[in-house]
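# Reading the structure
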Amino acid sequence: MIADRSNYEEMESKLAEAEDLVNALRGQEVDAIIGEKRIAMVRLREAEESLRRAKAELEQRVVERTADLAKVNAQLRETIEEQERTWRKLQRSERRLLKAQQIARIGNWEWDVGSDTQWWSDEIYRLLGVEPGQVEPGCESFLSFVHPADREPVRSAICDMLNEKRPCTGEFRILRRDGQERFMHSEIEVELDGQGNAVRIMGTTQDITDRRRVEREMAEARQFAESIVDTVQECLVVLDRQLRVISANRSFQETFGLPPRRIDGRLFYTLGDGQWDIPELREKLRAVLSENTSFEGFELECAVAGSESRSLVLSARPISEPVGDAGMILLAIQDVTAHVQQKRQIEADKRHLELLTEELVVSEERQRRQIAQALHDTIGQSLAFAKRELGVMQKRAPAEMHDSFKQVSEQICDAVERTRNLTFELSPSTLDILGLEAAVEEMAEQFSDCETFACTVRGPGQRIPLTDHVQSLLYRAVRELLVNVAKHAAARSVSILLEQGERDTQVIVQDDGQGFDPSALRADRGKDRGFGLFSIKERLTHLGGSFTIDSAEGRGTKVTLVAPLDIEYRQE
Amino acid sequence: MKRGAEFTQRQAGGKSSPTYHLRLFVAGDETNSAIARASLDRIRSEHLVGQSCDIEIIDVLEDFRPALEENVLVTPALVIRKSGVRTVVFGNLSNTEKVLTALRIGGGTQ
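Residues numbered from 1 in each chain as written. Chains lettered and ligands numbered in written order. Predicted model: local features only at pLDDT ≥ 70, side-chain atom pairs only at ≥ 80, totals over all residues. Heavy atoms only, no water.

## Looking at the overall build of chain A
Helix and strand content of chain A: 16 helices and 17 strands. Taking as baseline every contact in chain A between residues at least 6 positions apart, the subset at least 24 positions apart corresponds to 51%. Surface exposure of chain A reaches about 37400 Å², of which carbon and sulfur atoms provide 51%. (Helix = DSSP H or I, 4+ residues; strand = E, 2+ residues; numbered from the N terminus. Contact = heavy atoms within 4.5 Å. Areas by Shrake-Rupley, 256 points an atom, 1.4 Å probe, with all protein chains shown as cover.)

## Some points on the interface of chain A and chain B
Between chain A and chain B, the residue contacts involve 20 residues of the former and 25 residues of the latter. With both sides pooled, the region where chain A packs onto chain B buries about 1800 Å², and carbon together with sulfur makes up 52% of that total. Summed over the shared surface of chain A and chain B, the number is two salt bridges. Across the salt bridge formed by A:Glu17 and B:Arg86, the nearest N and O atoms sit 3.5 Å from each other. Our count for the contact surface shared by chain A and chain B stands at twelve residue pairs in polar contact (both at pLDDT 80 or more). With five residues, the top contributor of residues to the side of chain A that touches chain B is helix 1 (residues 2-26) of chain A. Among the residues making up the side of chain A that touches chain B, the classes are represented as eight nonpolar, two polar and ten charged. Pairing geometry for strand 1 (residues 32-34) of chain A and strand 3 (residues 74-75) of chain B, over two bridges, is antiparallel. Residue A:Ala32 lies in a different strand from strand 3 of chain B, and its bridge partner there is B:Thr75. (Buried area = accessible area lost by both parts, 1.4 Å probe. Salt bridge = Lys/Arg side-chain N within 4 Å of Asp/Glu carboxyl O. Polar contact = N/O pair within 3.5 Å; in protein donor to acceptor, adjacent residues only side chain to side chain. Nonpolar A, V, L, I, M, F, W, Y, C, P; charged D, E, K, R; others polar. Pairing = 2+ DSSP bridges.)

## Considering the pairing of strand 17 (residues 557-564) of chain A
Residues in a regular strand point their side chains to alternate faces of the sheet. All names here are of chain A. Within strand 17, six of the eight residues are buried, leaving the element largely enclosed by the surrounding structure. Of the strand pairs in this sheet, strand 15 (residues 504-511) and strand 17 are connected by eight bridges, and their pairing is antiparallel. Across the sheet, residue Val507 finds its bridge partner in strand 17, namely Leu561. (Buried < 20%, exposed > 50% of the residue type's maximum accessible area, 1.4 Å probe, protein only.)

## Some details on the sheet that holds strand 12 (residues 328-335) of chain A
Residues and elements named next belong to chain A. Taken together, the five strands give an open sheet; going across it, the order is 9-8-12-11-10, and neighbouring strands pair in antiparallel fashion. Of all strands in the sheet, those bounded by a partner on one side alone are strand 9 (245-248) and strand 10 (295-302). Taken over all neighbouring pairs, the strand axes of this sheet differ in orientation by 25° on average, direction set aside. Here strand 8 (residues 235-239) pairs with strand 12 via five bridges, running antiparallel. Within strand 12, the residue paired with Cys235 across the bridge is Ile333. (Axes fitted to C-alpha atoms, helices over the stretch in contact; angles between N-to-C directions.)

## Quick look at the sheet that holds strand 1 (residues 19-26) of chain B
All names here are of chain B. Reading across from one edge, 2-1-4-5 is the order of the four strands in this open sheet, with mixed pairing throughout. Only two strands of the sheet have a single partner each, and these edge strands are strand 2 (52-59) and strand 5 (85-90). Neighbour-to-neighbour, the strand axes of this sheet turn through a mean angle of 15°, independent of strand direction. Pairing analysis gives six bridges linking strand 4 (residues 77-82) to strand 5, with the strands arranged antiparallel. Following the sheet pairing, Lys82 is matched in strand 5 by Val85.

## Concerning the packing of aromatic side chains
Residue and element names in this part refer to chain A. In the structure shown here, the tally under the stated rule is nine aromatic pairs over all chains. Between Phe256 and Trp276, the ring centres sit 5.0 Å apart and the planes meet at 75°, which makes this aromatic pair edge-to-face. Pair noted here: Phe256 is in the loop between helix 7 (250-255) and helix 8 (279-290) and Trp276 is in the loop between helix 7 and helix 8, with a separation of 20 residues, a long-range link. A relative accessible area of 4% places Phe256 in the buried class. By way of ring pairs, the aromatic residues Trp120, Tyr125, Phe142 and Phe172 are connected into one cluster. Seen from the ring of Tyr269, Arg282 lies directly overhead, with NZ or CZ sitting 3.7 Å from the centre. (Phe/Tyr/Trp six-rings, centres within 6.5 Å; stacked < 30°, edge-to-face > 60°. Lys NZ or Arg CZ within 6 Å of the ring centre and 35° of its normal.)

## Things to note about helix 5 (residues 148-164) of chain A
Residue and element names in this part refer to chain A. Between the first and last C-alpha of helix 5 there are 25 Å, a value that for 17 residues agrees with the 24 Å anticipated at 1.5 Å per step. Those residues of helix 5 that sit buried are Asp150, Val154, Ile158 and Met161. Along the axis of helix 5, the buried residues cluster in a sector spanning 80°; they form a single face. Its buried side turned inward, helix 5 meets strand 3 (106-112), helix 4 (139-143), strand 5 (168-175), strand 6 (181-192) and strand 7 (198-207). (Expected span 1.5 Å × (residues − 1). Arc of directions from axis to C-beta.)

## Quick notes on the environment of A:Arg211
All names here are of chain A. Counting through the fold element by element, Arg211 comes out in helix 6 (residues 209-231). Along the primary structure Arg211 and Phe183 are separated by 28 residues, whereas in three dimensions their C-alpha atoms are 9.2 Å apart. In this view, Arg211 contacts Glu171 and Gln206; residues no more than four positions away in its chain are not counted.

## Quick notes on helix 9 (residues 337-396) of chain A
All names here are of chain A. Between its first and last C-alpha, helix 9 extends 86 Å over 60 residues, near the 88 Å set by a 1.5 Å rise per residue. A bend of about 30° at Gly380 is the largest found in helix 9. Considered for burial, the residues of helix 9 that qualify are Thr337, Val340, Val361, Glu365, Arg368, Ala372, Leu375, Gly380, Leu383 and Leu390. Residues of helix 9 that are buried sit in contact with strand 11 (310-319), strand 12, helix 10 (402-426), helix 13 (468-489) and helix 15 (533-543). (Bend = angle between axes of the 7 residues up to and from the residue.)

## Topic: the pairing of strand 3 of chain A
Residue and element names in this part refer to chain A. Only one face of strand 3 is covered, namely the face carrying Gly107, Trp109 and Trp111; the face carrying Ile106, Asn108, Glu110 and Asp112 is uncovered. Of the pairings in the sheet, the one linking strand 3 to strand 7 comprises seven bridges and is antiparallel in character. When the bridges of strand 7 are listed, Gly107 appears paired with Thr205. Sheet topology places strand 3 next to strand 4 (residues 117-120); four bridges connect them, and they run antiparallel.

## Regarding the environment of A:Glu425
With respect to the helices, strands and loops of the structure, A:Glu425 is situated in helix 10. Through-space distance from the C-alpha of A:Glu425 to that of A:Arg476 is 8.9 Å; in sequence the pair is 51 residues apart.

## Structural notes on the packing of helix 9 of chain A against helix 13 of chain A
When two helices pack together, their arrangement is given by the angle between the helix axes and the distance between those axes. Residues and elements named next belong to chain A. At a closest axis distance of 10 Å, the pairing of helix 9 and helix 13 adopts a crossing angle of 75°. Between helix 9 and helix 13, the crossing angle belongs to the class labelled roughly perpendicular. From helix 9, Glu358, Val361, Val362, Glu365, Arg368 and Arg369 reach across to helix 13, where they touch Asp468, His469, Ser472 and Arg476. For the contact of helix 9 with helix 13, the residue count by class is two nonpolar, two polar and six charged. (Parallel < 35°, antiparallel > 145°, perpendicular 65-115°, else oblique.)

## A closer look at the nonpolar core
Residues and elements named next belong to chain A. The biggest cluster of nonpolar side chains holds 38 residues, and the ones touching the most others in it are Leu474, Val478, Leu482, Ile496 and Leu561. Among the secondary structure elements, those contributing two or more residues to this core are helix 12 (436-450), strand 13 (454-458), helix 13, strand 14 (493-500), strand 15, helix 15, strand 16 (546-551) and strand 17. Considering every element that reaches this core, the biggest residue donor is helix 13, with ten residues. The residues touching Leu474, leaving out its near neighbours within four places in the chain, are Leu436, Leu466, Thr505, Val507, Leu540, Leu561 and Ala563. Core analysis: the second largest hydrophobic core is formed by 29 residues, Leu285, Leu300, Ala316 and Leu331 among them. (Core = buried A, V, L, I, M, F, W, Y, C linked by side-chain atoms within 4.5 Å.)

This is the structure in structure tokens:
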């Protein structure tokens, strides 16, 4: 039993050992297996590890390779797409070029010198008036289209270009198949090889007929405008922003004796002898552009070389260029020297005339007085004598003659009265002796006696200091007014007011008559005779006084006369 | 690596405690053998302190006859002898629990 048991335990132990051994093997915890003669190394883990590594490496390589392939593929696709794009771009570009050539009426061509073959773009054919390909491109066929008059020059230009191997340009005419004559412009370049031989010649040819026409029209328009500007009497100058002269017309050049070389491009205020260097003018010109304003009628006296000072009137305004906004100034200078001289002459003449008028008035007054004196001294005295003698004779004469005497005596009395009145009218002695107020009072009494209105006079009560002819003028003016009242106003009363101011005297004649429209008077003045209202007004104005009528229909009339006092008297 | 006797360590532990005779068979510096050596070293320093214990490490690559004699056919293998009872643990001894059980069995079930 014991032996059995021992055997059993040993067997169990061996089994456990075997199980442990198997587990160790499974768990890869074994390094070596020992045999009868040799040892076998067990490196499962390492083998697996290296296998796994190899596999991973392989996988990595596959991934990398796949990525590489994808990349190459993408690049290839990109390249293809790029090429397609480039091709499409090229096609578009070619189409555009063709269109551009068509629009610009410009064609290009190439000439391979070695093979003497030419290529023309479609537009070249069209410029010549043929369909593309309709003629064989070449020098001679091209020359056949060139205008006969230009053919030789063009041919020799081509020869020169080939010899000198230099780029060239040229303009010539062609005759199209339909007979149209067109202007062409060519630009030609030469391509050389290493030895300096011309291998290829490339050129463009453009139809410039329209451009030529426009240029000609513009030149004509410019010439037209310039001829107008040059014909204008006024001096015209165009200035730029810095006040530099862009151009000046002929009138300016002639007036100021400046040739174009001393004008163009120069600063305006440095022209001539510096007579334009006027700060105020410079300021005004600058303001034209900076404030976009213009000025007119700027007057100045300006010395001009070789002649006397001139009177000028300047006007300026901004003008803008058709392209851009550089801004220019058009300065117009009017030479008004003659005008100013004439004006001065007129002023002088007028003054002279006024003096003459004054002299005339004084002389008239003097004559009046002389006539009045003569009337009084001769005719008046004679009549008085005749009347007295007649009275003596009447007493001695027979009774039957008394009636005749009486009649003659009445006639003489009438003549005396008339002479006296005439003398008074010509030059009232009261005026000379007692002055204006007294004379006017006397006149007012006369009118009150003879006419239907009552006339009253108010004054300062003392002699108003007036020169003889002013006094006489005022006196006759009042008389004229009273005559008018008597004739037209149908007034019941007239008041005359005399006032002495500090520098002048004022006479107001006012009536309560029917009045009138003063504007009608002006229209009527041509009919005035002699010492009319217009004449009074003229003379008063000339003396430095005034004449005012204030009247309206049904409101009476008020006339105010103002005349200066006697200066010498005032100075005393 | 030299044979057993020179590496035998006898620790002066308790007087009455039985002595462990441990023979570890390894194959040079192969991975599992190195793990086994380190594991045994750790177990000894952690669990056999104060125990009487001699350890012999035999490299079968130098001489595999002792292995054949012990009937050990694979390495690493730890032959434990205690009080005449022989137990063998195969593998790299990383399963400490298993080794400790073998050691306890070796010492406890007598």
